[in-house]
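Secondary and tertiary structure notes
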Amino acid sequence: MMIYYFDMKSNTKSIRMTFAKNVKNYRNTLKYSQEKLAEKTRLSVQTIKDIEGCRRWVSDNTLSKLARALNICEFQLLLPEKYDNDKKSGKSSLKSLISLREKVKGLIDDQFEKTLNTGDY
């Protein structure tokens, strides 16, 4: 029988650091200030600072608010950096997809607006 020792304290710290770093990275990818993210999540700016500074853990509700505001799934905030596939540019494939999604969304919104204004259905 094998016995595995699991260092819960060290693993928890690692998860918290990964989470804090991911929140900041996704926020920066979307070019959101901490104030804008706070506004979108209805959290205080200090809460965002504490999360990114790894001084505060979050509830499942706050996790969902952050993911929704950052246009990602909750689990993506917990993925370690080793899932970063594009080492040269420093951007992960997930971050690249978010950026692409925002661009496409903007183009669709522009086209929709143009169609409504011109009446060309």
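This part takes up the overall build of the protein chain. Looking only at helices and strands, the protein chain features 5 helices and 0 strands. What you see in the protein chain, going N to C, is helices and strands ordered as α-α-α-α-α. Within the protein chain, contacts between residues separated by at least 24 positions form 61% of all contacts whose residues are at least 6 apart in sequence. Summing over all exposed atoms, the protein chain offers an accessible surface of approximately 8,900 Å²; the carbon and sulfur share of this is 54%.

Take helix α2 (residues 34-41) next. Helical geometry note: an α-helix holds 3.6 residues per turn, so side chains three or four residues apart project in the same direction. Taken together, the buried positions of α2 are occupied by Q34, L37, A38 and T41. The buried residues of α2 all sit within an arc of 100° when viewed along its axis, so they share a single face.

So, on to the nonpolar core. Residues F19, V23, L37, L66, L70, I72 and L77 are the most contacted members of the largest nonpolar core, which totals 19 residues. Elements that contribute at least two residues to this core include exactly α1 (8-29), α2, α3 (45-52) and α4 (60-69). It is α4 that contributes the most residues to this core, 4 residues altogether. When neighbours within four sequence positions are excluded, V23 is seen to be in contact with L37, I51, E52, L66, L70 and L77.

Turning our attention to the pattern of salt bridges. Taken as a whole, this structure holds 3 salt bridges when the rule is applied. Where R55 meets D50, a salt bridge forms, and the shortest distance between an N and an O atom there is 3.3 Å. For R55, a relative accessible area of 54% corresponds to the exposed category. When the shortest N-O distance is used, the salt bridge between R56 and D50 registers 3.3 Å. Among the residues examined, D50 registers a relative accessible area of 12% and is labelled buried.

The next subject is α4. Those residues of α4 not exposed but buried are T62, L63, L66, A67 and A69. Buried residues of α4 fall within an arc of 165° about the axis and therefore sit on the same side. Across α4 from its buried face, at more than 90 degrees, point the exposed residues D60 and R68. One or two steps after α4, the chain reaches N71, where phi turns positive at roughly 60°.

To continue, consider the packing of α2 against α3. Direction vectors running N to C along α2 and α3 enclose 110°, while the axes themselves pass 8 Å from each other. With respect to each other, α2 and α3 are oriented roughly perpendicular. For the element pair α2 and α3, the recorded crossing hand is right-handed. Side by side, α2 and α3 meet where Q34, E35, L37, A38 and T41 of the first sit next to V45, I48, K49 and E52 of the second. For the contact of α2 with α3, the per-class residue count stands at 4 nonpolar, 2 polar and 3 charged.

Definitions and limits used
- Residues numbered from 1 in each chain as written.
- Predicted model: local features only at pLDDT ≥ 70, side-chain atom pairs only at ≥ 80, totals over all residues.
- Heavy atoms only, no water.
- Helix = DSSP H or I, 4+ residues; strand = E, 2+ residues; numbered from the N terminus.
- Contact = heavy atoms within 4.5 Å.
- Areas by Shrake-Rupley, 256 points an atom, 1.4 Å probe, with all protein chains shown as cover.
- Buried < 20%, exposed > 50% of the residue type's maximum accessible area, 1.4 Å probe, protein only.
- Arc of directions from axis to C-beta.
- Core = buried A, V, L, I, M, F, W, Y, C linked by side-chain atoms within 4.5 Å.
- Salt bridge = Lys/Arg side-chain N within 4 Å of Asp/Glu carboxyl O.
- Axes fitted to C-alpha atoms, helices over the stretch in contact; angles between N-to-C directions.
- Parallel < 35°, antiparallel > 145°, perpendicular 65-115°, else oblique.
- Left-handed = near helix turned anticlockwise from the far one by under 90°.
- Nonpolar A, V, L, I, M, F, W, Y, C, P; charged D, E, K, R; others polar.

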